Structures are given as C-alpha cells and as structure tokens.
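Report on the structure
Each chain is listed here by its residues.
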Amino acid sequence: MWGFKIAKSQSINYDRNDKEIMRTVLDNEPSLRVCMACGGCTSTCSAGNLLPTFNIRRLNTLLQRGEYTQLRNELNNCMLCGKCTLVCPRGVNIRNIVLNTREALMKYESDTI
Amino acid sequence: MNPTPFDIFVLPFTVGMSLLFAYLILKYASWIWYFDRDDKLKILRGLFSLKSLKAAKEIFLESLIHRKMFLVNKRLGYMHMSLAFGWFLLIVIGAVEGHTYMGGAAPFYFPIFFVYFVPDDESFFFARGFVQLMDAALLLVLSGVVVAIVKRFYKRIVGMKSTTQLRLRDKMVLYSLWLIFPLRLLAESATCGLHGSGGFLTYPVGQLMAATLPLKAMEYPLWWVYSIDLCLFFIGLPFSRYMHIPTEMVLIFFRNWGIRLKPDNPILEEVMVLSCPRCGVCIDRCQLNTAVGNHDTQAVYFLQRIRNSEEHSAQAKNCLMCGRCESVCPVGIDLNAIRLRHRQNFTPETFVPQYNNAEARKVDVVFFTGCMGHLVPKTKDAMVKILNASGDNYWFMDADGGVCCGRPMKLAGQTAAAEKLMAKNRQSIIDSGARTLVTSCPICYKVFREDYNLDIEILHHTEYIKRLIDSGKIKVGKLNTAVAYHDPCELGRGAGIYAEPRAVLDAVATLTPVPDECKNSLCCGGSLANLTLPSADKMRIAQQTMTSLTTNHPDVVATACPLCKKTLNRTQMAPVADVAELVAEAMKE
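Residues numbered from 1 in each chain as written. Chains lettered and ligands numbered in written order. Predicted model: local features only at pLDDT ≥ 70, side-chain atom pairs only at ≥ 80, totals over all residues.

**Some details on the overall build of chain B**
Along chain B, the regular secondary structure elements total 28 helices and eight strands. Dimensions of chain B along its principal axes, counting C-alpha atoms only, are 95 × 55 × 40 Å. In chain B, buried positions account for 48% of the 589 residues. By sequence separation, contacts in chain B at least 24 residues apart represent 74% of the contacts at least 6 residues apart. (Helix = DSSP H or I, 4+ residues; strand = E, 2+ residues; numbered from the N terminus. Buried ≥ 20, exposed ≤ 12 C-beta atoms within 10 Å, placed from the backbone. Contact = placed C-beta atoms within 7 Å.)

Here it is in structure tokens:
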C-alpha cells in the first residue's frame, strides 16, 4: 500500500566466474591490482574518442567477471597507442594488460575448441 | 726441393681443422640453400661485382683491424685487433714462409709446425726475415691474450663496467684459445733453445728455457700439447661464441650483396646471431642495465638465448628499442629488427578498426600530431600558431583525434593490425591531395617514412620549422633562454635527424652542450617499444637522462617528441618544452 515490495535477489554469484584469464594476466602484469577505476584511461583513449561505445576502463570488470565474448569484442578496438598507460595515475601498464589479455584469450580459445 | 716433413703429432691439428672446414662448408651451403629466390639472385649478381671487393675491404677493416671497436673503446679495440690481426699475420706470414721453403708444395699443417720441422735452416729466401716477422706477430697476439686474461678478472682495464657473463661451454673454448699462443711460444722456444736459433722473442726465451729446464725431454711433448690444444679449439669453435669468426665474414658479404633481414626469412637472422662475438659493448650502453639494474635483456644475452634456443619472450618484450646498442655494435647486427621479429602477433584476425578519420580537406600541407600529441596541448597549440603564421594552406588532420599511426601496434609485434590502421591514414592523406606531410611526433614520423609508401614529402615539425625560418615565412627573435636539447630515440638514431632541431633552437635560444648527445643520447624511458617495463623503472631511466641533460644547468630542456616531453616532465627536475613551443614564443607578430 506504500508502494514497497520485496525485490527478487539480483546478486551475481562471483564464485561461478571463470577467472583463468584474469589470473594469467595478473601473473604477467601485477600492476592491474592497483587500478582504482578512475576512468582516466577512458577519457584519454584515442579509439574511444572516435568510437564512444568503446570504454577501456570496462576491461578490468570484464576480466574479473570472466565475460570473454564481450572482452574480445572490446579489445578488438584498441590501437595500442599507449596514451592510457601514460595518463594512469596509478602507473598501471594498461597497454601490456591488453596485450596479455589478447594472448591469453587466443590460448584459451585454442584450448577449449 | 725438400722432402715432405711429417710427424704423428700434426694429426690432432689436422683432424680438428678438417672437421671444422667440413662443418663450415655445410653450414654456408645450408644458409645459401635456404635463402629465397630473390636473395639467391642477389648473391649471384653480387658475387663477381665490385660489391665483393667492398666486402673484402670491410672484412679487413672490421674483422681484423676492428675499426668500429676502436671508435667505441680503444683498449678493447686493441685487444680484439691484436688477437685477430696478429693471428691473421701468423697464418699468412707462416704460409708464405712454409711455401717458400717447400717451393710451393707445403702440406697445410706444415706452416703451423714450421719451427719444429725446420729449426735452424737459414738457407732459403728471406729466412731470417721470416723468423723475426713471425716473432713480431706472435708478440702482438700474446699482448692481446694478456689483456684478455686480465680483463676477465679486472674488466676496468679495458674501460668496461660490465663484461659478458660466459657459459661453461664458452669458458672451455675460451681457455683453449688463451692457451694456443703461450703454448706456441713455449714449443717454438724449446726447439730454438735446443738449436740455438730463433728470433727476437723465441731466441731469448729459448736460451732461458735451455738454461733452466730439461728441454730435450720437454720439446716433443710441448708440440703435442700445442697440436691437441689447436684441435680442441677448432672442434669447440662451432659450439661457442667463436663461431662469430667464420660467420661475421659471411655476414659482411651477404650485407654488401644487398641481403636484408626479412620477417619471413630467418636465415639472415641466424647468421647475425652467430656473428655476435659477445664483446659486451652493448651492456654498458643499455639503460636497463645502468639505471634499472637488469642484467639479462641486453642484446648480447638476448642473442645468446636465441642461439641456445632458450626461452626469450620476456627479453623480447623488455627492450626500449632506443637503439643505443645497435648504434655501437661493432658487427652492425640489426638488433632492433631481430628483437621485433621475436614479438609474437596476438591480435585476432577479427581486428577491424570501427573508426575513421575526419573527412579530408584539399590542401598543400597535412599536419598530423598523433595520439601522444594530444597529451601535450602546448605543443599542439604552438604548432597551430606556427602553421597559421606560415601562410601555408594546411589541414590539421587529427585536430579532434584520429586513427593511430600504427607504429605502436607494429612495435608490439602486431604487424597485420598495424597495416589496417596505416591503410586508414594513408587514404586520408592521399585524399587531401597534399604534397607535404608534417608531424610533431617522431614515432609517427618514422612509420610514415618507412611503412606508408607515400609519394609525398614527409617532414618532422623541426624540419618544417627550420624551412619556415630559413625561407623567412616566419620571423623569430632570440629568447634569453639556455636550452639543452634531448634527442628523441626515434628521431635521432631512428631517423637520423640531429641537425634540424639544433639549428632551430640555435635560432631562437642559446644551446648548451649535453654530455650524451646525438648518437649517444639517452632514452627518456617512456618508449612504447618496451611492453613490460614498470612505471617506477621508467621513472629511474627518465631521472638518469634528466641528470645528464641538466649537467650544464639549462633554463629549459627542449625535446621534439611528445612522449619524451611527457616522460621527462614527470621527473620535475627542470622545465621541459617542445622545440615548437620555444619557436612560438620567439615568433614576432
């Protein structure tokens, strides 16, 4: 009568996430751990400037969730120009993370096929 | 005519030498066999041309005299020269001596053991002269051996901070090489001591040995040991770094015949890898060594890993490609190109750029600032001011951002993806109908020049500004500022542009000298070529470079690369400005 109701749970079960690629990438480029998702990378991104749907900051989230299809589509847009790495206030080597994720994705796909 | 002399102790040498020759002939043949048609034709055409003579001259200057090594480091040059040229003289003079004695019919082991077979015959032509010449050559080699041995324990003797760390296999062959010449001296002196003969070196040593040692019992075993040691060295040579001796000569021929490193042909790379003598000149040049303390990624170790088929992907990625090693490599190995070949391509086939440049305008001059240019807006604004003043009809191609030039992709080994980006920019530039392309970024500049196949003039902005000043299109005054110029790696060593930025700076400010300039300039550390270097290490390199740049206390450090500017600025050690900024400031309205 007050407009309240009990919503259905919309929680995500993170235990079911596939973290294989995340772990590989973190092993090779541990600087990803200090990302604070400020979005500096996205605001400077050369590709994002031309293609507003491309958001490099989302990379970290997609990696953690193990959403590989979307991850692959996103990474297809990166030009590796390195601006994101240069502006990152935390010194995350984003360019190397992109390279490592691409490498891990290719290995992952060739293993699963 | 003398009877052909023989003793069974020549066998180890003869066997070792024959095995080595057989191995080398097979190796050379396999290289030529696996070259593609194009390269084989180049060899055929080059073989009997002036190019072969040029190669022979280069072999004499580089492989024997070690000219480039002298230019880098005199004492190290002397060490290599005395060993190589001295040994060469021993072989040549020895052969002439042996054939003179035998009337041209000496077996090939004979000159090596000449003193044993002909201890005191001075009846043939120039006999005394040969003895003295051979002693002089031996002394030259021995002086080199002494430097080499001391260098192993005290590397500063040749002015090196670091010398190559050797593997066990290399050490074994190294010791057998060191032993060859002292053993030769002892064996020859023993024979001379017994017969009262010898030159200015072997005579006194022989007399001394005769007076103190039981020479009669020692002479024959000494010749045996000398022969066995030669055999060990020859058999070990193909498996050690000394393979560089027979390989470097071939490399010089290949290079003079016009054969170049290609992505799909690994043969020349193998020849280059085997040509590395591991002299270690590259180690002290590498800022990853001097500023970061890395001791396994330098060119000498990287090539060693390739040669031994060891894991080297980390080393392939951890390199600034500043070219400091390549610019001093005495063998002239294409170190950056080899490093790039070992970066693997991980971009999926599906990489299709979903973006485009702004629509092209019909102009005379296209200006491209590049991705990094947008991180240094002061440079960009200065260039716009200069371009407006120039009166040229220009189009700022990526004023609101544009497609990357493709070089960062290429440097990461993603060649196919880089091609796709390049195609987009190439089309925009062609559509503009411009005759001149100006870029303020040396990274873009290099790729425009090398990979775009554009039929128009490509200028770095410092070249363009120099032209504007020279032709009076812009008028500049002189600022009351002392500047130190930092050579960007891609512009200096990468593209050979040293004079133009200096000329421009000279016109608008006072240039102060820097300890490491031009070919020896340091890298800012921000290089896009290094894929894995942590940001803290980049900062260490930048600080090292700024320390060098600010030696003479300039008011401003000037550079001509947005990436260098951004990286050096972070050290906060001195104000950093692009050449264009200083010009814009000095411009008269």
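Right, picking up where we left off after that structure.
**What to know about helix α5 (residues 74–102) of chain B**
Residue and element names in this part refer to chain B. The end-to-end C-alpha distance of α5 is 40 Å, a good match for the 42 Å that 29 residues give at a rise of 1.5 Å each. The principal kink in α5, of about 25°, is found at Met81. One or two positions beyond α5, positive phi appears at Gly103, with a value near 65°. (Expected span 1.5 Å × (residues − 1). Bend = angle between axes of the 7 residues up to and from the residue.)

**With respect to the sheet that holds strand β6 (residues 510–512) of chain B**
All names here are of chain B. Taken together, four strands build an open sheet; the order of strands is β6-β5-β7-β8 and the sheet is parallel. Of all strands in the sheet, those with a lone pairing partner are β6 and β8 (576–578), marking the two edges. On average, adjacent strands in this sheet sit at an angle of 45° to one another, irrespective of strand direction. Both strand β7 (residues 556–559) and β8 contribute to a ladder of three bridges, which runs parallel. In the sheet register, Val557 faces β8, and the bridge partner there is Val576. Sitting on the sheet, helix α28 (residues 579–586) is in contact with β5 (482–486), β7 and β8, with an inclination near 80° to β8. (Pairing = 2+ DSSP bridges. Axes fitted to C-alpha atoms, helices over the stretch in contact; angles between N-to-C directions.)

**Topic: the pairing of strand β3 (residues 436–439) of chain B**
Residues and elements named next belong to chain B. Pairing between strand β1 (residues 365–368) and β3: four bridges, direction parallel. Residue pairing for β3: Val366 is matched across the bridge by Leu437. Here β3 pairs with strand β4 (residues 457–460) via four bridges, running parallel. Paired with Leu437 across the bridge in β4 is Ile458.

**Examining the nonpolar core**
Judged by nonpolar contacts, the single largest core of 193 residues is most densely connected at Phe367, Ile386 and Val583 of chain B. With residues near it in sequence (within four places) discarded, Phe367 of chain B still touches Met383, Leu387, Tyr394, Trp395, Phe396, Met397 and Val438 of chain B. (Core = buried A, V, L, I, M, F, W, Y, C linked by C-beta atoms within 7 Å.)

**What to know about the interface of chain B and chain A**
At the interface, 24 residues of chain B touch 21 residues of chain A. Those elements that place two or more of their residues in the side of chain B that touches chain A are α19 (370–373), α21 (407–411) and α26 (535–549) of chain B. Broken down by class, the residue content of the side of chain B that touches chain A amounts to 16 nonpolar, seven polar and one charged. (Nonpolar A, V, L, I, M, F, W, Y, C, P; charged D, E, K, R; others polar.)

**Observations regarding the sheet that holds β1 of chain B**
All names here are of chain B. Within the open sheet, the four strands sit side by side as β2-β1-β3-β4. Their pairing is parallel. At either end of the open sheet lies a strand with only one pairing partner, and these are β2 (394–396) and β4. Recorded for the sheet is a direction-independent mean angle of 20° between the axes of neighbouring strands. The strands touched by helix α24 (residues 461–470) within the sheet are β3 and β4, with β4 carrying the most contacts at an inclination of about 95°.

**Remarks on the domain arrangement of chain B**
Along its sequence, chain B is organised into domain 1 (12–245) and domain 2 (348–513 + 552–589). One C-alpha centre belongs to domain 1 of chain B, the other to domain 2 of chain B, and the line joining them spans 53 Å. (Domains from an automatic or database assignment.)

**Points about unusual backbone geometry**
What you tend to see is this: most non-glycine residues have negative phi, and most peptide bonds are trans. All names here are of chain B. Here the phi dihedral of Phe126 falls at roughly 60°; this positive angle occurs in a residue that is not glycine. The topology assignment puts Phe126 in the loop between α6 (114–117) and α7 (127–153). According to the C-beta neighbour criterion, Phe126 is exposed, with 12 such atoms within 10 Å. Of note, Gln572 is a non-glycine position whose phi angle comes to about 60°, a positive value. Tracing the backbone shows Gln572 in the loop between α27 (562–569) and β8. Residue Gln572 is classed as exposed on the basis of its C-beta count, with 10 C-beta atoms lying within 10 Å.

**Details of the environment of Val579 of chain B**
Residue and element names in this part refer to chain B. On the secondary structure map, Val579 appears in helix α28. For the pair Val579 and Glu62, spaced 517 residues apart in the sequence, the C-alpha separation amounts to 38 Å. Ignoring anything within four residues of it in the chain, the contact list for Val579 reads Thr462, Pro501, Val504, Leu505, Ala558 and Ala560.

**Here we look at helix α25 (residues 499–508) of chain B**
Within the span of α25 of chain B, buried status applies to Glu500, Pro501, Arg502, Val504, Leu505 and Val508 of chain B. If you follow the buried residues of α25 of chain B, they end up packed against α24, β5, β6, β7 and α28 of chain B.

**Side note on the pairing of β7 of chain B**
For β5 of chain B and β7 of chain B, the ladder comprises four bridges, and the chain directions are parallel. By the bridge assignment, His486 of chain B is partnered in β7 of chain B with Thr559 of chain B.

**Observations regarding the confidence of the model for chain B**
In this model, chain B carries an average pLDDT of 93, and 99% of its residues clear a pLDDT of 70 or more. Scored by ipTM, the complex comes to 0.88, with pTM at 0.91. (pLDDT = per-residue confidence, 0-100.)

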